[in-house]
Amino acid sequence: MNQVNVVLMWLGPYCCLCLNPCCYYPCQNSGVCVRFGINHYECDCTSTGFYGENCTVPEFWTRVGLMLKPSQSIIHFFLTHFQWFWHLVNNSFLRDILMEAVLKVRTNLIPSPPTYNSKYGYLNWESFYNLSYYTRILPPIPEDCPLPMGTKGKAVLPDPKLLAERFFKRTKFRPDPQGTNMMFVFMAHHFTHQFFKTDQKSGSSFTKALGHGVEAGNIYGDNLARQLQLRLHKDGKLKYQVVNGEMYPPTVSEVPVHMVYPEGMPLDQRLAIGQETYGLLPGLTMYATIWLREHNRVCDILKAEHPTWDDEQLFQTTRLIIIGETIHIILEEYLQQLSGYQLKLKFDPPMLFNTPFQYSNRISLEFCHLYHWHPLMPDNFFIDGDEIQYPQFFYNTSLVMHYGMEKLVDAFSRQPAGQVGDGRNSHEGLLIVSELVINESRALRVQPFNEYRKKFDLKPYASFFEFTDDLEMAKGLEELYGNIDALEFYPGLLLEKARPGAMFGESMVEIGVPFSLKGLLENPICSPEYWKPSTFGGETGFNIVKTATLKKLVCLNTKWCPYVAFHVPLNEEEAKPRESSTEL
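Keep in mind that what you see is a predicted model, and the values were worked out from it rather than measured.

Draft legend 1. Summary view of the pairing of strand S1 (residues 32–36). Sheet topology note: the S1/strand S2 (residues 40–44) ladder contains five bridges and is antiparallel. The residue of S2 that forms the bridge with Cys33 is Cys43. Connecting S1 to the next strand, S2, in antiparallel fashion are three residues, including Gly37 with a positive phi near 65°.

Okay, here's the thing in C-alpha cells:
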C-alpha cells in the first residue's frame, strides 16, 4: 500500500472528505494521477516506461536504459570540457550523429500535441484547440489541496517582495563567467517577445501571439492590420525613414500603429516597430533597425531574380527567409552561447525528416516564466566611451540614431551581462518584474520546482542545503517555505546554485533548452514540405537562410563591420572591428 493511501486511511474520518490525493503528486515518471471516489486515485503509467501503483517500477528496457544512462551533470561536464575531443568531433561525421541525438532526446521531453492549460488539469479538446491559451507542461495544482503548493510547506507562501529583496536583489554586479554580453541579452528580449505576449486583458493564462512560435511578429506585427500599416506596398519592402543617409524605422506620425511610449516623448523619437513595446530599450530598437534593413535588402535580391513577382510575393517570401535566418542564428549561435557546449550545434532540418515529428508548436506558460532573466542586465551601459544610466536609457530611441548601428553593436558586444544562477544579481529597478512573475505563478497554481525537475528527468532536491551552496540563503528559504518540495518554480530557477563557470543552474538549461529546440525545429519552414529552394525563391534565398550568421546580419546592413558576437571578445584579434564585410 502506498504512502498516500496509508496517510488517508490513518486520518480516516478526521481528514476532510474532499481531500484530493493527487495533491500529494503520487504518480512518478510522468504518470497521470486520476482521482476515483472520495480519497482514492490511480496512476496512468501508459507510455512512461514504468508500471506499478505509482509508476515507479521500470520496465525491462527502461531499467537497462537507466543503468546505462549517465547523470545530467556528467553529460553536461562532458559536453562543456575536453576541447581537443570536440574539435575532432566537430570536424567529422560524428557532429551530425551527436547533433541528431541531442535534438531527439531534448525535443522528446516536450509533449506534442499540447496537454494542459491553466483552466484544465486534465486532457480535453479545449486545451488542444483553444490557441488563445498558453499550454502547460504540468497541470495546475488542484484547487482543493490543503496547502498552496499541495501538501507540503507552509500554509502561507512568503511575500514576493520579501523574496525579491532578500534573495534576488543585487549586492554587487556579478558578470556571467561564460562571457555572455549585452548583444545576447537584447537578442533574448527581441527574439522571445514575438511569442511571449501575455494578453493581460483576458488574463495571464492567455497569449496574444497566436502563432505560438518563430513567425517574426516582432518585425511585422502580430496581426494583419499592423503588418499592412508597416509595409511600403512596393517591391515587398517595409516602410522606413532615412536619417544621415541610413535606414531606420519610420515614426508613428508616418505610420500610425499603436506603440507604447511615455507622454511628452518627442514625436520624432516615437518609432513604429512590429512589437509595440520595443521603444523601451535602445537595444531592442537596434535589432528592429537591423532586421528592417535586412528585410529590405533581401527584397532587392529577390526582385532582381524575379522581376515578374508582385509586392505580395516578394514580401511573403522575404518573410520566410527572415524567419529562417532567425532560427539559424538562434540555434547555432545564441543557444551555443547559452549552453556552453563544446559540441558545435548545427541547424539542419533534414536530420529529423525520418523521425516522428510534428511541425506545429505551442508556447507554454512555464517557458514564458522561465525566460525572465533580469539578472543579465547590468548596472549601467557603456557606449562609445559614454556611461548611460537607466533613466537616460529607457525610452530613448535617439541613442540609436546618435551612435548609429556600428557603435551600438560594438558596445553591446563588448559589455558583459550578469550571471543568472546563484541569486542576488538582479538590478534593484527590475525586482518588480520578478515579484509580478511570482504572483502570476501563484494565481495560475504552477506546480513546485521539484515536480518540474522530475518531469525533465532531473533528480529532485532533498533539501535547501543541496539546492544552494549559500548557507544563509538555504536557511532563509527553509524558514520561509518550510520544505524544499514547496519551493516555487520561478524562485527555484533563479536561486539554484549555478553550475561551475556557467551562467545558469542545472534546471534552467535542462528545462529551457528542450523548449527552445522544440520551438525552433517545429517551425513549418523546417518541415519536408517547406525546406526546399522554391520556398525561399530559389537557391539564392535558400542559401541566405542556410548560411545566416549574426555577423552577416549586422555587417551586410552597416557601413563598417564592428565586433559582433554573443560573447565578449576572447582575444585582441577577435575584438578588432572590420572596415568592410569582405570576409563574410
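Picking up where we left off.
Draft legend 2. Main features of the packing of aromatic side chains. Within this structure, the stated rule accounts for 42 aromatic pairs. Aromatic pair Phe184 and Phe566: ring centres 6.0 Å apart, planes at 90°, arrangement edge-to-face. You can see Phe184 sitting in helix H8 (residues 182–192) and its partner Phe566 sitting in the loop between helix H23 (550–555) and helix H24 (572–575), a full 382 residues away along the chain. In this structure Phe566 comes out as buried when scored by relative accessible area, which is 3%. Where Trp531 meets Phe542, the ring centres are 4.9 Å apart and the plane angle is 75°; that geometry is what we call edge-to-face. Residue Trp531 is found in the loop between helix H21 (506–521) and helix H22 (539–546), and its partner Phe542 is found in helix H22; the two are separated by eleven residues along the sequence. Judged on exposure class, the residue Trp531 and its partner Phe542 are both buried.

Draft legend 3. Highlighting the state of the cysteines. Taken as a whole, this structure holds five disulfides when the rule is applied. Between Cys27 and Cys43 runs a disulfide, and the two sulfur atoms are separated by 2.0 Å. Looking down the S-S bond of the Cys27 and Cys43 bridge, the torsion is -85°, so its handedness is left-handed. A residue pair is termed long-range when its members are at least 10 positions apart, and Cys27 in the loop between helix H1 (3–11) and S1 and Cys43 in strand S2 qualify at 16 residues. With respect to burial, Cys27 and Cys43 carry one shared label: buried. Assigning the bonded cysteines of the protein consecutive numbers by sequence position, one obtains the connectivity 1-4, 2-8, 3-5, 6-7, 9-10.

Draft legend 4. Region of the structure containing the side chain of Thr135. By secondary structure assignment, the location of Thr135 is in the loop between helix H6 (125–129) and helix H7 (160–168). For Thr135, a relative accessible area of 5% corresponds to the buried category. Every residue in contact with Thr135, bar those within four places of it in the chain, is listed here: Pro114, Thr115, Tyr116, Arg362, Ile363, Ser364, Leu365 and Glu366.

Draft legend 5. Quick look at a nonpolar patch on the surface. Taken together, the side chains of Phe77, Phe78, Phe82, Trp84 and Leu88 make up a nonpolar region of the molecular surface, amounting to roughly 560 Å² of accessible area. Where the nonpolar patch is concerned, the elements lending two or more residues are helix H3 (72–80) and helix H4 (83–90).

Draft legend 6. How the structure looks around the pattern of salt bridges. Using the criterion set out here, one finds 33 salt bridges in the structure. Lys169 is the salt-bridge partner of Glu428, the closest N and O atoms lying 3.7 Å from each other. Taken as a pair, Glu428 in the loop between helix H15 (398–414) and helix H16 (431–443) and Lys169 in the loop between H7 and H8 lie far apart in primary sequence, 259 residues in all. Between Arg442 and Glu488 there is a salt bridge, with the nearest N and O atoms lying 2.7 Å from each other. One end of the pair, Arg442, is in helix H16; the other, Glu488, is in the loop between helix H19 (471–481) and helix H20 (489–495), with 46 residues separating them in the sequence. Assessed through its relative accessible area of 2%, Glu488 is described here as buried. Members of the salt-bridge network, linked through shared partners, are Arg106, Arg453, Glu496, Arg499, Glu506 and Glu510.

Draft legend 7. Local environment of the nonpolar core. Among the nonpolar cores identified, the biggest contains 152 residues, and Tyr334 and Trp373 are the most heavily contacted of them. A total of twelve residues in this core trace back to one element, the largest contributor, which is helix H12 (residues 311–339). Leave out the neighbours within four places in its chain, and Tyr334 touches Phe184, Met187, Ala188, Ile329, Tyr371, Trp373 and Phe566. Cys22, Cys45, Phe50 and Cys55 belong to the second-largest nonpolar core, a separate cluster that totals seven residues.

Cut-offs applied
Chains are numbered independently. Their residues run from 1 in the order of the written sequence. This being a predicted model, a pLDDT of at least 70 is required before a residue's local features are given, and a value of 80 or more before pairs of side-chain atoms are given or counted; all residues contribute to the totals for chains, interfaces and linings. Hydrogens and water molecules were not included; the side-chain quantities draw on all heavy atoms of the structure. Strands are labelled as partners when DSSP assigns at least two bridges between them. A run of DSSP states H or I qualifies as a helix once it reaches four residues; a run of E qualifies as a strand once it reaches two. Both are numbered from the N-terminal end. Side-chain rings of Phe, Tyr and Trp (the six-membered ring for Trp) are treated as a pair once their centres are within 6.5 Å; stacked means planes under 30 degrees apart, edge-to-face means over 60, and tilted covers the remaining angles. Whether a residue is buried, partly exposed or exposed follows from its accessible area with a 1.4 Å probe, protein chains only, as a fraction of its type maximum: under 20%, in between, or over 50%, in that order. Criterion for a disulfide: a pair of cysteine sulfur atoms within 2.5 Å. For this analysis, residues touch if any pair of their heavy atoms sits within 4.5 Å. By definition, no residue in a patch forms a salt bridge, and every one has over 30% relative accessible area; like charges are joined within 9 Å, nonpolar side chains (Val, Leu, Ile, Met, Phe, Trp, Tyr) within 5 Å. To be clear on the numbers: accessible area is Shrake-Rupley with a 1.4 Å probe, and residue cover counts the displayed protein chains and nothing else. By definition, a salt bridge exists where a carboxyl oxygen of Asp or Glu is found within 4 Å of a side-chain nitrogen of Lys or Arg. We call a set of buried residues a nonpolar core when its members are Ala, Val, Leu, Ile, Met, Phe, Trp, Tyr or Cys and they connect through side-chain atoms within 4.5 Å of each other.

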